[in-house]
Amino acid sequence: MTESADHPLTLFNSLTRRAEPFVPVHDGEARVYSCGPTVYNYPHIGNMRAYVFADTLGRVLTWKGFDLTHVINITDVGHLTDDADAGEDKMEKMAAAKAQSIWDIARHYTEAYWADVKALNIRQPAKWTIATDYIDEMLEFAKQIAPKHCYELDSGLYFDVSTVADYGRLARAVTEEGEGRIEAVDGKRNAADFAIWRKTPAGEKRQMEWDSPWGKGAPGWHLECSVMSGKVLGFPFDIHTGGIDHREIHHPNEIAQNQAFCECGALSDAANSGANIWMHNNFLVERSGKMSKSSGEFLRLQLLIDKGYHPLAYRMLCLQAHYRSELEFSWEGLGAALVRLKRLLGAARGLLEVVTDGVTLASVRATVTHQKLTPLVDKFDAALSDDLNTAVALTVLEEAVAVKKVDQEQKASLVGAMLSALGLPLLPREDFRIRPKDATVGESEIEAAMERRKAARADKDFATSDAIRDELAAKGVEVMDGDPLGWEWRLS
Ligand code: AMP
Ligand code: ZN
């Protein structure tokens, strides 16, 4: 056995379109900002893929021994119906449709989002930044960059993208007029210029508006993220994450503002993008369009739960794919992920009782020394260090669970550490049973019938046993004799 070294962590940086070694700004630390949800509606499971990804990144940074500070924001003002710069404020629109105050809308959907975060075993970040808590800081930031980088129009204060070097290098395309993405605003100097402060039109009153040197109004969405990330983590910080759609408009605009701010504030690196690494998860797609929040019943995590799936089956589905690959959602795929999770956790439960979060590679190396296990530590670390290859890491975890004739304590601590790095807790076996909300028969009734059937079979009374099976089938319960996972029944 050769002694193996840790693998350097490499991450794909959208700025350079290359995988790069992770070199922290502050020794031993990792500071990460993730664009959070706009809380005008429930998140769909595609949105939640972005947070499973950000959580996985955080867990891998912890695994590698970095002291993690993760910030996720809650956008409760300023995100328009078009990412570029047009349309209505999403929050105002929903509040009007529901005849409720924006504050109530924000509270309701923030709580719904936090419930999904918990259900998916996403760790709590060090800080949730709420956009409306940072209005003063946004005004300060805007005042600082306005003289050199902005101009005022009737509708607001606009950022002139020609005032910073290399605008749009993250998107690899400067958005041209005529693409149909940017609504014409009279007086805009460049098609890609965007509002950092939107004035309330004369004679109108918005539910959310604040005084500013440019009149009453509200901040632009891009300004919010620049301000909250810079304020809490300090420019430059390590990693900024978001969904791939943000690579085109939102993040290039954040970068432009960050560059302007660093230059005006005479920060050491004048052309600073704000973050050294920009990472983007690809989309979860669904063919019939149910992901769209405008399609009535859309794919929320709660819908998966109502159909009887444990929410962690969805985490498993995400982990099976690389975060940079598009992932197609299907109920069959979710079912297969659930079975895989059941099998894995069933075997792990034979070894240990709880998974402790935050285990590091160094501590695993210190406790896991058996020669059959150390190559697996290595393979697992190599997979996660290779731009978070969770798909491979999962197969290594399954290998570890299956290893025979090794010290059981060491095996248990290795499996526990791997589960913690992937964010998979141990749950009671029953939690993974498929139990649709609208099932007409309760579990105690099924269990009682199963007991009667068992007794009938023990007495070799096969007529009664068959009759009980048929009765259950009529109620939508499938009896699963000989199921390899040992499940006795399921609701179909
Ligand atoms: P929003 O609430 O619209 O600001 O979106 C929250 C997060 O979800 C952002 O990081 C988006 O980029 C991301 N996102 C939106 N749709 C999807 C999708 N279908 N799959 C994965 N991520 C998505
Ligand atoms: Zn953002």
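Residues numbered from 1 in each chain as written. Chains lettered and ligands numbered in written order. Predicted model: local features only at pLDDT ≥ 70, side-chain atom pairs only at ≥ 80, totals over all residues. Heavy atoms only, no water.

## With respect to the nonpolar core
Membership of the largest hydrophobic core comes to 139 residues, with the highest contact counts inside it found for F159, Y314 and L419. With 10 residues, helix α1 (residues 45–63) is the largest single contributor of residues to this core. Each residue touching L419, except ones within four places of it in the same chain, is listed here: L344, L345, A348, V355, L397, L424 and L426. Judged by nonpolar contacts, the second largest core, of 10 residues, contains L472, V477, V479 and W489. (Core = buried A, V, L, I, M, F, W, Y, C linked by side-chain atoms within 4.5 Å. Buried < 20%, exposed > 50% of the residue type's maximum accessible area, 1.4 Å probe, protein only. Helix = DSSP H or I, 4+ residues; strand = E, 2+ residues; numbered from the N terminus. Contact = heavy atoms within 4.5 Å.)

## As for the site of ligand 1
As a structural note, the neighbourhood of ligand 1 is formed by 17 residues, with T38, G46, G243, D245 and L284 the closest of them. With respect to ligand 1, the side chain of N47 contributes an N or O atom lying 3.1 Å from an oxygen atom. Contacts to ligand 1 include D245, whose side-chain N or O atom sits 2.4 Å from an oxygen atom. Contributions of two or more residues to the shell around ligand 1 are made by α1 and β12 (237–243). (Near = heavy atom within 4 Å. Polar contact = N/O pair within 3.5 Å; in protein donor to acceptor, adjacent residues only side chain to side chain.)

## Overview of unusual backbone geometry
Here the bond from F235 into P236 is cis, since omega is -10 degrees, no more than 30 degrees from zero. In this fold, P236 is placed in the loop between α5 (221–233) and β12. Notably, A99 is not glycine yet its phi reads approximately 50 degrees, a positive angle. On the secondary structure map, A99 appears in the loop between α2 (90–98) and α3 (102–119). A relative accessible area of 71% means that A99 is categorised as exposed. With phi around 55 degrees, D387 is a residue other than glycine that occupies positive phi space. With respect to the helices, strands and loops of the structure, D387 is situated in the loop between α11 (374–385) and α12 (390–402). Overall, the relative accessible area of 3% leaves D387 in the buried class.

## Quick notes on the coordination of the zinc ion (ligand 2)
Geometry reference: four tetrahedral donors at a metal, ideal angle 109.5 degrees. Six octahedral donors, ideal angles 90 or 180 degrees. In the first shell of the zinc ion (ligand 2), the protein supplies C35 (SG), C225 (SG) and H250 (NE2), at 2.1 Å from the metal. Written as a sequence motif, the donor residues of the zinc ion (ligand 2) are C-x189-C-x24-H. Of this pair, C35 sits in the loop between β3 (29–34) and α1 while C225 is found in helix α5, placing the two residues 190 residues apart along the sequence. In this structure C35 comes out as buried when scored by relative accessible area, which is 6%. Take C225: its relative accessible area is 1%, and that puts it in the buried class. (Donors = N, O, S within 2.8 Å, 3.2 Å for Na, K, Ca; no water.)

## Observations concerning the domain arrangement of the protein chain
Along its sequence, the protein chain is organised into domain 1 (10–285), domain 2 (307–429) and domain 3 (441–491). Distance between the C-alpha centres of domain 2 and domain 3: 33 Å. (Domains from an automatic or database assignment.)

## Topic: the confidence of the model for the protein chain
Detailed reading of predicted coordinates is not advised where the pLDDT is low. Averaged over every residue, the pLDDT of the protein chain is 90; the share at 70 or more is 93%. The low-confidence segment residues 176–181, where pLDDT is below 50, has 7 contacts with residues more than four positions distant or belonging to other chains. (pLDDT = per-residue confidence, 0-100.)

## Comments concerning the sheet that holds strand β11 (residues 217–219)
Spatially, 4 strands are ordered β8-β9-β10-β11 in an open sheet, and the strand pairing comes out antiparallel. Each edge of the sheet is formed by a strand with only one pairing partner; in this case those strands are β8 (150–153) and β11. Ignoring strand direction, the axes of neighbouring strands in this sheet form an average angle of 25 degrees. For strand β10 (residues 194–199) and β11, the ladder comprises 3 bridges, and the chain directions are antiparallel. Residue W197 lies in a different strand from β11, and its bridge partner there is P219. (Pairing = 2+ DSSP bridges. Axes fitted to C-alpha atoms, helices over the stretch in contact; angles between N-to-C directions.)

## Structural notes on the packing of helix α4 (residues 135–149) against helix α6 (residues 250–264)
For the pair α4 and α6, the least separation of the axes is 9 Å and the interaxial angle reads 90 degrees. When the interaxial angle is binned, α4 and α6 end up roughly perpendicular. Between α4 and α6, the residues in contact are F141, Q144, I145, K148 and H149 and Q257, N258, A260, F261, E263 and C264, respectively. Among the residues forming the contact of α4 with α6, the class breakdown is 5 nonpolar, 4 polar and 2 charged. (Parallel < 35°, antiparallel > 145°, perpendicular 65-115°, else oblique. Nonpolar A, V, L, I, M, F, W, Y, C, P; charged D, E, K, R; others polar.)

## With respect to the sheet that holds strand β7 (residues 127–130)
Taken in spatial order, the 5 strands of this open sheet run β7-β4-β3-β12-β13, and their pairing is parallel. A strand with exactly one partner marks an edge of an open sheet, and here the two such strands are β7 and β13 (275–281). Going from strand to strand, the sheet's axes swing by 25 degrees on average, the running direction of each strand aside. Pairing between strand β4 (residues 67–74) and β7: 4 bridges, direction parallel. Bridge pairing links V71 to K127 in β7. Sitting on the sheet, α6 is in contact with β12 and β13, with an inclination near 170 degrees to β13.

## Section: the pattern of salt bridges
Within this structure, the stated rule accounts for 28 salt bridges. Across the pair K148 and E263 runs a salt bridge, and its minimum N-O distance is 2.4 Å. Highlighted residues: K148 in helix α4 and E263 in helix α6, separated in sequence by 115 residues. Ionic pairing is found between D481 and R457, a salt bridge with its closest N-O pair at 3.5 Å. Linking D481 in the loop between β16 (477–479) and β17 (489–491) with R457 in helix α14 (residues 443–458), this pair joins segments that are 24 residues apart in sequence. With a relative accessible area of 45%, D481 lands in the partly exposed category. (Salt bridge = Lys/Arg side-chain N within 4 Å of Asp/Glu carboxyl O.)

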